[in-house]
Amino acid sequence: MSHTTVICHFEPLDTWFFREARPHGSVGNSELGSQFPPPVRTLLGALRTAIGDAWFARHGGDWRGLADNSALQAQIGLGDDLEPLRASGPFLTLNGQRLYPAPANLMVQTEGGHAHYFLLGLGDVVHCDLGRVRLPAFPKQVPGVASLKGSKPASGWLTQDAMQRLLDGQVPRVGDLIPNHALFDEEPRLGIGRDNARRSVQEGLLYQTRHLRLRPGVGVELHLHGLPDASLLPSRTTLRLGGEGRQAALCTSLGATTNLPTASARIAPGARFVLYHLTPSVCAAELPAGIPAGFVRGHHEGADCWEGQLAGQRLRILSVACARPLREGGWDLARHEARAVQSLLAPGSVLYAQHLGEQALPGTDFSALADATGRGQLLAGVL
């Protein structure tokens, strides 16, 4: 048996739908959108099902005996316990090249028909509803731009080269930011509730959803670590994925590492730097959005801050730039009930941090921070 990394690449055979956490009957709700990239639990569920089906084909049995099947549990875990599996991602890919979410500190100003990118820095101390804090702020000047008035957050996806430049404190080049509409289209759908017992429809149960149709060459990649018997996942197969069980093509290959970009310079003691969230992260209870669990409020240079340990390193969080949190729920197949909805920090969120340790750090120290589901994966970059 081996414990190599299995690179799992998903591509749709039709549209995909990964339902957001709101219920169809919520007040003021007329249409449910789709999360994208899909929740990691959805991808892991499809992979664990494929592994289990292959195991049953070899050894006999079925899913009804999973609770007492220690041999299969040793391959895929049980319920929310993934042991021995771990995941990295999910990542969006275009023609086999990995893409990264545009970070919340990347801004764009269009002037003279050209897009000019710049990064938010740390502003002066201000007093607001968060206390006395430093907020992300515009630089005083951007070369080639007369005025920053009207600038807006850059949205879309960065190429590998652009992410590498960002970690080194440089802005993307023109063409390095890929907009959502170049990767997928949204398709509104209208459905009706069914009464299977009467083979008819249920009156008044119309619903609307918004599916995603990916462009050719666009897919989703998940790295699966720790699978004892990688032969249980075929190199090519099809499986059901997401809402309505839409078909997806799965291609797998064996790899060694995730090959994430890393900043060229190490993080010196006392240096300020930035942490970019590649995957969603669980929001810590009773802490402001973006502040990691276990951090406590402190005070530094006239501003409130948060101090604690991340990846075994002492840090001071000076500020956060983040988008609207994700809300993720889902359905628990084992218990036949809805999962509790939880708030997640969106990919692309940025932490402005200061290194409080005594030794210089490589940026890779934080990329391995993710939990078993891949949540909380970070990249460290120059500020």
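Before any of the text, the structure's been laid out above.
Residues numbered from 1 in each chain as written. Predicted model: local features only at pLDDT ≥ 70, side-chain atom pairs only at ≥ 80, totals over all residues. Heavy atoms only, no water.

A.B. asks: Residues and numbers for the overall build of the protein, please.
C.D. replies: Looking only at helices and strands, the protein has four helices and 26 strands in total. For the protein, the spread of C-alpha atoms along the principal axes amounts to about 65 × 50 × 40 Å. Counting every position in the protein, which comprises 383 residues, the buried fraction comes to 45%. Contacts in the protein between residues far apart in sequence, at least 24 positions, make up 69% of those at least 6 positions apart. (Helix = DSSP H or I, 4+ residues; strand = E, 2+ residues; numbered from the N terminus. Buried < 20%, exposed > 50% of the residue type's maximum accessible area, 1.4 Å probe, protein only. Contact = heavy atoms within 4.5 Å.)

A.B. asks: With reference to specific residues and values, describe the sheet that holds strand 8 (residues 152-153).
C.D. replies: Strand order in the open sheet made by the three strands is 5-4-8, with antiparallel pairing throughout. Each having just a single partner strand, strand 5 (114-119) and strand 8 make up the two edges of the open sheet. Judged from the six bridges that link them, strand 4 (residues 106-111) and strand 5 form a sheet pairing that is antiparallel. Counterpart to Met-107 in the pairing with strand 5 is Phe-118. (Pairing = 2+ DSSP bridges.)

A.B. asks: How would you sum up the pattern of salt bridges? Please name residues and give values.
C.D. replies: Per the counting criterion, the structure on display carries 18 salt bridges. A salt bridge links Glu-301 to Arg-134; its shortest N-O distance comes to 3.5 Å. With Glu-301 in the loop between strand 18 (296-300) and strand 19 (303-310) and Arg-134 in strand 7 (residues 131-137), the pair connects residues that are 167 residues apart, well separated along the chain. With a relative accessible area of 16%, Arg-134 lands in the buried category. In this structure, a network of salt bridges that share partners links the residues Asp-14, Glu-187, Arg-189, Arg-213, Glu-244 and Arg-246. (Salt bridge = Lys/Arg side-chain N within 4 Å of Asp/Glu carboxyl O.)

A.B. asks: Please set out unusual backbone geometry residue by residue, giving values where relevant.
C.D. replies: Residue Phe-36 is joined to Pro-37 through a cis peptide bond whose omega torsion reads -5°. Mapping Pro-37 onto the fold places it in the loop between strand 1 (5-12) and helix 1 (40-59). A cis amide bond, omega 15°, links Glu-83 with the succeeding residue Pro-84. By the element assignment, Pro-84 lies in the loop between helix 2 (70-76) and strand 2 (86-94). The phi dihedral of Glu-244 falls on the positive side, at around 70°, and the residue is not glycine. Mapped onto the fold, Glu-244 is located in the loop between strand 14 (236-241) and strand 15 (246-255). Under the relative-accessibility criterion, Glu-244 is labelled partly exposed at 47%.

A.B. asks: Account for the nonpolar core, naming residues and giving values.
C.D. replies: Counting residues in each nonpolar core, the largest one holds 41 residues, and the members touching the most others are Phe-10, Trp-16, Phe-36, Leu-224, Leu-233 and Leu-241. For this core, the secondary-structure elements that each account for two or more residues are strand 1, helix 1, helix 2, strand 2, strand 12 (200-214), strand 13 (218-225), strand 14 and strand 15. For this core, the leading source of residues is helix 1, giving nine residues. Not counting residues up to four positions away in its chain, the partners in contact with Phe-10 are Trp-16, Leu-43, Leu-47, Gly-219, Val-220, Leu-222, Leu-239, Leu-241, Ala-249 and Leu-250. Phe-118, Val-142, Leu-177 and Val-274 belong to the second largest nonpolar core, which has 29 residues in total. (Core = buried A, V, L, I, M, F, W, Y, C linked by side-chain atoms within 4.5 Å.)

A.B. asks: Just give me the short version of the state of the cysteines, but keep the residues and values in it.
C.D. replies: Two cysteines whose sulfur atoms are joined by a covalent bond form what is called a disulfide. This structure, assessed with the given rule, holds zero disulfides. Summary of cysteine pairing: Cys-8 is not part of a disulfide, and the nearest cysteine sulfur, belonging to Cys-251, is at 10 Å. Among the residues examined, Cys-8 registers a relative accessible area of 0% and is labelled buried. The structure places no disulfide on Cys-128, whose sulfur is separated from the nearest cysteine sulfur, that of Cys-322, by 13 Å. (Disulfide = S-S within 2.5 Å.)

A.B. asks: I'd like a rundown of the side chain of Thr-252, residues and numbers included.
C.D. replies: One can find Thr-252 in strand 15. For Thr-252, a relative accessible area of 14% corresponds to the buried category. With residues near it in sequence (within four places) discarded, Thr-252 still touches Val-6, Ile-7, Cys-8, Leu-233, Pro-234 and Ser-235.

Functional significance is not addressed by these values, which are geometric in nature.
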